[in-house]
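Okay, here's what each chain looks like letter by letter:
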Amino acid sequence: MATFLETMIEKARSDKKTIVLPEGNDDRVLEAAAKIVEQGIADIILIGNPNEIASKGFSLEGVEIVDNTTSPLRGELADKLFELRRAKGMTEEEAASLMDDVMYFGTMLLKTGRADGLVGGACHATKDMLHPALRIIKPAPGTKTVSSFFVMEVPDCAYGDAGTFMFSDCAVCIQPSAEELSEIAVATAKSYERIVGSEPRVAMLSHATKGSVKDADADKVVEAVRLAQEKAPGYAIDGELQADAALVPSVGKSKAPDSSVAGTANVLVFPDLDAANIGYKLVQRLAKAEAYGPILQGLGAPMNDLSRGCSADDIVGVTAITAVQAQQA
Ligand SMILES: CC(C)(COP(=O)(O)OP(=O)(O)OC[C@H]1O[C@@H](n2cnc3c(N)ncnc32)[C@H](O)[C@@H]1OP(=O)(O)O)[C@@H](O)C(=O)NCCC(=O)NCCS
Ligand SMILES: CC(=O)OP(=O)(O)O
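All values derive from a computational prediction rather than experimental measurement.

Rules used in this analysis
Residues numbered from 1 in each chain as written. Chains lettered and ligands numbered in written order. Predicted model: local features only at pLDDT ≥ 70, side-chain atom pairs only at ≥ 80, totals over all residues. Heavy atoms only, no water. Pairing = 2+ DSSP bridges. Helix = DSSP H or I, 4+ residues; strand = E, 2+ residues; numbered from the N terminus. Contact = heavy atoms within 4.5 Å. Axes fitted to C-alpha atoms, helices over the stretch in contact; angles between N-to-C directions. Phe/Tyr/Trp six-rings, centres within 6.5 Å; stacked < 30°, edge-to-face > 60°. Buried < 20%, exposed > 50% of the residue type's maximum accessible area, 1.4 Å probe, protein only. Near = heavy atom within 4 Å. Areas by Shrake-Rupley, 256 points an atom, 1.4 Å probe, with all protein chains shown as cover. Patch = residues over 30% accessible without salt bridge, like charges linked within 9 Å, V, L, I, M, F, W, Y side chains within 5 Å. Salt bridge = Lys/Arg side-chain N within 4 Å of Asp/Glu carboxyl O. Lys, Arg positive; Asp, Glu negative; His and termini not counted. Charge placed at Lys NZ, Arg CZ, Asp CG, Glu CD. Parallel < 35°, antiparallel > 145°, perpendicular 65-115°, else oblique. Left-handed = near helix turned anticlockwise from the far one by under 90°. Nonpolar A, V, L, I, M, F, W, Y, C, P; charged D, E, K, R; others polar. Polar contact = N/O pair within 3.5 Å; in protein donor to acceptor, adjacent residues only side chain to side chain. Core = buried A, V, L, I, M, F, W, Y, C linked by side-chain atoms within 4.5 Å. Expected span 1.5 Å × (residues − 1). Arc of directions from axis to C-beta.

Caption draft 1: Quick look at the sheet that holds strand β1 (residues 18-21). If you walk across this open sheet you meet the five strands as β3-β2-β1-β4-β11, and the pairing is parallel. Each end of this open sheet is capped by a strand with a single partner; those strands are β3 (64-66) and β11 (303-304). Here β1 pairs with strand β4 (residues 117-119) via two bridges, running parallel. Residue pairing for β4: Ile19 is matched across the bridge by Gly117. Against the sheet, helix α6 (residues 102-111) touches β1, β2 (43-47), β3, β4 and β11, its axis set at about 145° to β2.

Shown next as structure tokens:
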């Protein structure tokens, strides 16, 4: 059976999109760009200094290299950025100087339709790519809360969909309210359906299962479950569930016998960013899982982050997912 990544690569190839990789100064990004182009996954725009990139010796035939420090597009992109952000207090000088920032420059290539998606974050902290994403690309119409997910592929795992899961929100919302958590749950259910292609079973995680503990944190999840079920009655969404009750059929049956999700969850929604970010990194490192993401959901155009600990192959994977998101946009 094809792995998740093989499926994404095959889909990406079927209708090739153009993806910006803004961090042309990073060897892992150059290695990934060479692989992406060689495998026909996407057309790539690399941002960086062409001489420095050439000196690294990667096979980058067919890759468009744009130097943001000398590009003739700087003026046009700065003017457009100023127009977009002047009401929020940005000056013309600030917009012009942000063209030195590869994340802002790359985001403006996406905003002006020169690319279909962007993947960055190999050598930038998440907030450095979230700021241009949220300020320039902005939430898609009808979306209030932009959030993120990781696709986790856990080897030798009988839980979830034979070891495939989505974890959310591991990157964006620091301390989501019950309302925001319910939006995250519904958005991740939709993402699971669209990206993984099978039916989501969403567990909203807590340190309590079905009233076993009563406190403000557990209550927040209980309220989020109520709101999510109200917003999206067609999806299997349940909680509050502890992780073992969500994943393990026998524990689910004993702790939450009436739950439609307990013991079978493939989408895990964590109560806050601490739990989610720590949780995905533990599974990635201790269970040797592949972790693709963080993939942003709810943005007006596909723009995705990477962990600074990513490998070249992780960048290839996130680029393939971004290209598939661009096909679905
Ligand atoms: C996402 C994050 C950067 C936003 O920070 P912030 O201080 O709210 O950002 P700003 O106030 O500059 O907001 C920028 C814009 O985005 C909007 N925004 C912020 N978070 C948003 C969200 N989750 N969904 C939709 N819009 C959002 C704001 O309303 C604002 O819009 P406007 O300027 O057009 O009015 C912040 O929540 C954060 O740092 N998250 C954690 C990132 C991280 O370090 N993750 C851990 C490692 S992966
Ligand atoms: C998603 C994430 O945790 O990113 P980083 O490891 O770069 O902080």
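Having seen the model, we can carry on.
Caption draft 2: Structural context of the packing of aromatic side chains. A full pass over the atoms with the stated rule returns four aromatic pairs. Seen in terms of ring centroids, Phe150 and Tyr280 are 3.8 Å apart; in terms of plane orientation they differ by 20°. Their pairing is stacked. A residue pair is termed long-range when its members are at least 10 positions apart, and Phe150 in strand β5 (residues 147-153) and Tyr280 in helix α12 (residues 273-286) qualify at 130 residues. Like Tyr280, Phe150 is buried. The rings of Phe165, Phe167 and Phe270 are connected pair by pair, giving a single aromatic cluster.

Caption draft 3: Highlighting the site of ligand 1. In the neighbourhood of ligand 1, 19 residues make up the surrounding shell, with Arg85, Lys88, Arg135, Lys138 and Val146 lying closest. Considered on its own, ligand 1 offers 940 Å² of accessible surface; in the complex 64% of this is hidden by protein. At the level of secondary structure, the elements contributing two or more residues to the shell around ligand 1 comprise α7 (126-137) and α12. By residue number, the principal contributor to the shell around ligand 1 is α7, which donates five residues.

Caption draft 4: Region of the structure containing a negative patch on the surface. A cluster of acidic residues, Asp79, Glu92, Glu93 and Glu94, forms a negative patch on the protein surface. It is helix α5 (residues 92-97) that provides the largest number of residues to the negative patch, a total of three residues. Structurally, Glu94 can be placed in helix α5. For Glu94, a relative accessible area of 41% puts it in the partly exposed group.

Caption draft 5: Up close: the packing of helix α2 (residues 27-38) against helix α13 (residues 312-328). Where α2 contacts α13, the axes come no closer than 8 Å and their chain directions differ by 50°. Comparing the axis directions of α2 and α13 gives the class oblique. Handedness of the crossing formed by α2 with α13: right-handed. Contacts between α2 and α13 involve Arg28, Val29, Glu31, Ala32, Lys35 and Ile36 on the former and, on the latter, Ala312, Asp313, Ile315, Val316 and Thr319. Along the lines of polarity and charge, the residues of the contact of α2 with α13 split into six nonpolar, one polar and four charged.

Caption draft 6: Up close: the site of ligand 2. Near ligand 2 the following residues occur: Thr126, Phe150, Asn277, Tyr280, Lys281, Pro294, Ser307 and Arg308. In the environment of ligand 2, an oxygen atom lies 3.0 Å from a nitrogen or oxygen atom belonging to the side chain of Asn277. Ser307 places a polar side-chain atom, nitrogen or oxygen, 2.7 Å from an oxygen atom of ligand 2. Protein contact buries 88% of the 260 Å² of open area that ligand 2 shows by itself. Here the shell around ligand 2 is composed, by residue class, of three nonpolar, three polar and two charged.

Caption draft 7: The nonpolar core, seen in detail. Counting 91 residues, the largest nonpolar core has Leu21, Leu46, Leu81 and Met204 as its most contacted members. Excluding anything up to four places from it in sequence, Met204 contacts Leu181, Ala185, Val221, Ala224, Val225, Ala228, Ile237, Asp238, Gly239, Glu240, Leu241 and Val269. Counting 24 residues, the second largest nonpolar core, distinct from the first, contains Phe150, Cys170, Ala203 and Ala262.

Caption draft 8: Up close: α12. For α12, which comprises 14 residues, the first-to-last C-alpha distance of 19 Å matches the rise-based estimate of 20 Å (1.5 Å per residue) to within 8%. Along α12, the residues classified as buried are Leu273, Ala276, Gly279, Tyr280 and Gln284. The buried residues of α12 all sit within an arc of 140° when viewed along its axis, so they share a single face. Along α12, the residues that are exposed and aim more than 90 degrees away from the buried face are Asp274, Arg285 and Leu286. Buried positions along α12 lie against β5, β6 (164-168) and β10 (290-297). Two or three places before Asp274, at the opening of α12, Asp272 has a side-chain oxygen 3.2 Å from that residue's backbone nitrogen. Downstream of α12 by a residue or two, Lys288 has a phi angle that is positive, lying close to 55°.

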